[in-house]
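Below, each chain spelled out in residue letters.
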Amino acid sequence: MTRATGAAMRRIQAGNALSAFGLGFTVPYLYVYVAQVRHLGASTAGAVLAVFALAALVVLPFTGRVIDRRGPLPVLVTGAVLASVGAFAMGLSWSVMTAVLSAALLGAGTAVMQPALATMIVWCSTPSTRTRAFATQFFLANLGLGVGGLIGGQIVDESRPGTFTLLFCVEAAMFLVLAGIAATVRLPRPAGVTLAVRDATGGGWRTMLGHRAMVRLCVLGFVLFFACYGQFESGLAAYGTEAAGIDPSTLGIALAANTAVIVVAQFGVLRLVERRRRSRVIAAVGLIWTFAWIIAGFAGLGHGSRTMATAAFVSTYALFGLGEAMLSPTVAPLVADLAPESMVGQYNSAFALVKQLALAVGPAVGGPMGATLHGPYIVTFVLFSLGISVLALRLGRRLTPVQDQPSLVSASRLVARHRPEAHEPGTHEPAPAPAPAR
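Residues numbered from 1 in each chain as written. Predicted model: local features only at pLDDT ≥ 70, side-chain atom pairs only at ≥ 80, totals over all residues. Heavy atoms only, no water.

Caption draft 1: Representation of the environment of Leu18. Residue position: Leu18 is located in helix α1 (residues 3-26). We classify Leu18 as partly exposed; its relative accessible area is 32%. Residues Leu18 and Leu178, 160 residues apart in the sequence, show an inter-C-alpha distance of 6.9 Å. Not counting residues up to four positions away in its chain, the partners in contact with Leu18 are Met174, Val177 and Ile181. (Helix = DSSP H or I, 4+ residues; strand = E, 2+ residues; numbered from the N terminus. Buried < 20%, exposed > 50% of the residue type's maximum accessible area, 1.4 Å probe, protein only. Contact = heavy atoms within 4.5 Å.)

Now the structure itself:
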């Protein structure tokens, strides 16, 4: 990594952390704000959350091609400005229509920012530094979300709508800060991309669907997000309060434990996984999450004390955090390594689309099951977690050795660097073969 790319990477990571800090102010309180503070009702709050997800599903199929044609920087700036307008408008919303339109802007803006940021990180990194770069992004994003949520929780007051308006104004300001920082980045264009971008119109979804390794990674990604993030604030929360009988305030403690594990363990975990096969790391995450769901089953179905149930439930979220810390330096860099140079944006957007689909389907399936079908809910997600391990190992068969274990590149370079050369003392150059007779 050169000095220029290092400076660009630092600015990208700083902007990413600050935007996550702004999101943390509002994400935990959006439902309460719409339903109770603005007195628009639970159905409107549900519609706002649905529109937020739907807007992402609408814009992501087109985002990747724009990134590959125009570059990720203008897409990121545009998305940040849209998200800022949506956040500011949400803070002033008094009617169903304004809340829904604000959610559409906010959802679309934040959605296009994800693949744009990922592509910028790819452009500013090499295969050997990419793992650590994505781990740093995930660490800073979770740190920003956690700190923002903690500060926001000290500000909000349901009896004072102005406190919520302040939170959304802070979020809007952080998106503008991200846009401003991004506008100052001098983004290097990787070698070979300039000419390849002109031919990007011939690729697209047809190329990705013909790429078996990418298709398998997308299927694996859907199961990962469905079985984890898609359950955090819906099925697992409903299961905890209904089956385990934990206090609703414990959900905040569980989410804090999840974030704390990620922040504390991220770089320790990175040292363990960056020299191991990615497919096996993902398979190990499936086993960890299987154990997490078994512990959740004990919390709700074990008939122990309330204290034990609470401890088990918080431990479930903590184990999910450990798995997330293992995935952050694994999955996103793998998407980038599978992508052709001219289609990095489209591959990142496709994977972001898969994530949004899982986040939309996850609560719809898990919410009702977690609230009423307690035993089947746990069994279902134990099986999904085991499926993660199976899918990961099958994906590994479709990857090249370097795609599965990027550290092999640096290892081969190290061997080449220390290989004895003919001019070094103590080495002998083999005798030339005799010339053929004429």
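Caption draft 2: View of the confidence of the model for the protein chain. Per-chain confidence: the protein chain averages 83 in pLDDT, with 88% of residues scoring 70 or above. Per-element mean pLDDT across the protein chain ranges from 45 in helix α8 (residues 193-197) up to 94 in helix α4 (residues 72-91). (pLDDT = per-residue confidence, 0-100.)

Caption draft 3: Geometry of the side chain of Ser125. With respect to the helices and strands, the residue Ser125 is situated in the loop between α5 (96-123) and α6 (127-155). Accessibility expressed as a relative area gives 9% for Ser125, which makes it buried. Of note is the side chain of Ser125, whose polar atom sits 2.7 Å from the backbone oxygen of Ile121. (Polar contact = N/O pair within 3.5 Å; in protein donor to acceptor, adjacent residues only side chain to side chain.)

Caption draft 4: Structural context of a nonpolar patch on the surface. On the surface, a nonpolar cluster with roughly 370 Å² of combined accessible area is contributed by Val81, Leu82, Val85, Leu105 and Leu176. At three residues, the largest contribution of residues to the nonpolar patch is made by α4. Judged by relative accessible area, which is 47%, Leu176 ranks as partly exposed. (Patch = residues over 30% accessible without salt bridge, like charges linked within 9 Å, V, L, I, M, F, W, Y side chains within 5 Å. Areas by Shrake-Rupley, 256 points an atom, 1.4 Å probe, with all protein chains shown as cover. Salt bridge = Lys/Arg side-chain N within 4 Å of Asp/Glu carboxyl O.)

Caption draft 5: Region of the structure containing the packing of helix α10 (residues 212-227) against helix α17 (residues 344-372). It is the contact of α10 with α17, at a shortest axis distance of 8 Å, that shows an interaxial angle of 35 degrees. Judged by the sense of rotation from one axis to the other, the crossing of α10 with α17 is right-handed. From α10, Met214, Leu217, Cys218, Gly221, Phe222, Phe225 and Phe226 reach across to α17, where they touch Tyr347, Phe351, Val354, Lys355, Leu357, Ala358, Leu359, Val361, Gly362 and Val365. (Axes fitted to C-alpha atoms, helices over the stretch in contact; angles between N-to-C directions. Left-handed = near helix turned anticlockwise from the far one by under 90°.)

Caption draft 6: Seen up close, the environment of Ala179. Residue position: Ala179 is located in helix α7 (residues 161-183). For Ala179, a relative accessible area of 9% puts it in the buried group. Along the primary structure Ala179 and Gly79 are separated by 100 residues, whereas in three dimensions their C-alpha atoms are 8.5 Å apart. Discounting residues that sit within four places of it in the chain, Ala179 has contacts with Val77, Ala80 and Val81.

Caption draft 7: View of the pattern of salt bridges. In the structure shown here, the tally under the stated rule is three salt bridges. Put simply, Arg132 and Glu274 hold a salt bridge, and the shortest N to O gap is 3.1 Å. Of this pair, Arg132 sits in helix α6 while Glu274 sits in the loop between α13 (249-273) and α14 (278-301), placing them 142 residues apart in sequence. Overall, Glu274 belongs to the partly exposed group, its relative accessible area being 26%. Residues Arg278 and Asp337 are paired through a salt bridge, measuring 2.9 Å at the closest nitrogen-oxygen approach. With Arg278 in helix α14 and Asp337 in helix α16 (residues 331-338), this residue pair connects regions lying 59 residues apart in the sequence.

Caption draft 8: Highlighting unusual backbone geometry. With a phi close to 55 degrees, His39 is a non-glycine residue in the positive phi region. Along the chain, the position of His39 falls in the loop between α2 (30-37) and α3 (42-70).

Caption draft 9: Structural view of the packing of aromatic side chains. Tallied over the full model, the rule gives 17 aromatic pairs. Taking 5.6 Å as the distance between ring centres and 40 degrees as the angle between the ring planes, the aromatic pair formed by Phe225 and Tyr229 counts as tilted. Using a relative accessible area of 12% as the deciding quantity, one classes Phe225 as buried. Taking the centre distance of 5.0 Å and the plane angle of 25 degrees together, the rings of Trp293 and Phe381 count as stacked. Linking Trp293 in helix α14 with Phe381 in helix α18 (residues 374-396), this pair joins segments that are 88 residues apart in sequence. Both residues of the pair, Trp293 and Phe381, count as buried. Within the aromatic cluster, the residues linked to one another by ring pairs are Phe222, Phe226, Tyr239, Trp289, Trp293, Phe320, Tyr377, Phe381 and Phe384. In this arrangement the basic side chain of Arg38 is found over the ring face of Trp94, its NZ or CZ atom lying 4.0 Å from the centre. The side chain of Lys355 reaches across the aromatic face of Tyr229, ending 5.7 Å from its centre. (Phe/Tyr/Trp six-rings, centres within 6.5 Å; stacked < 30°, edge-to-face > 60°. Lys NZ or Arg CZ within 6 Å of the ring centre and 35° of its normal.)

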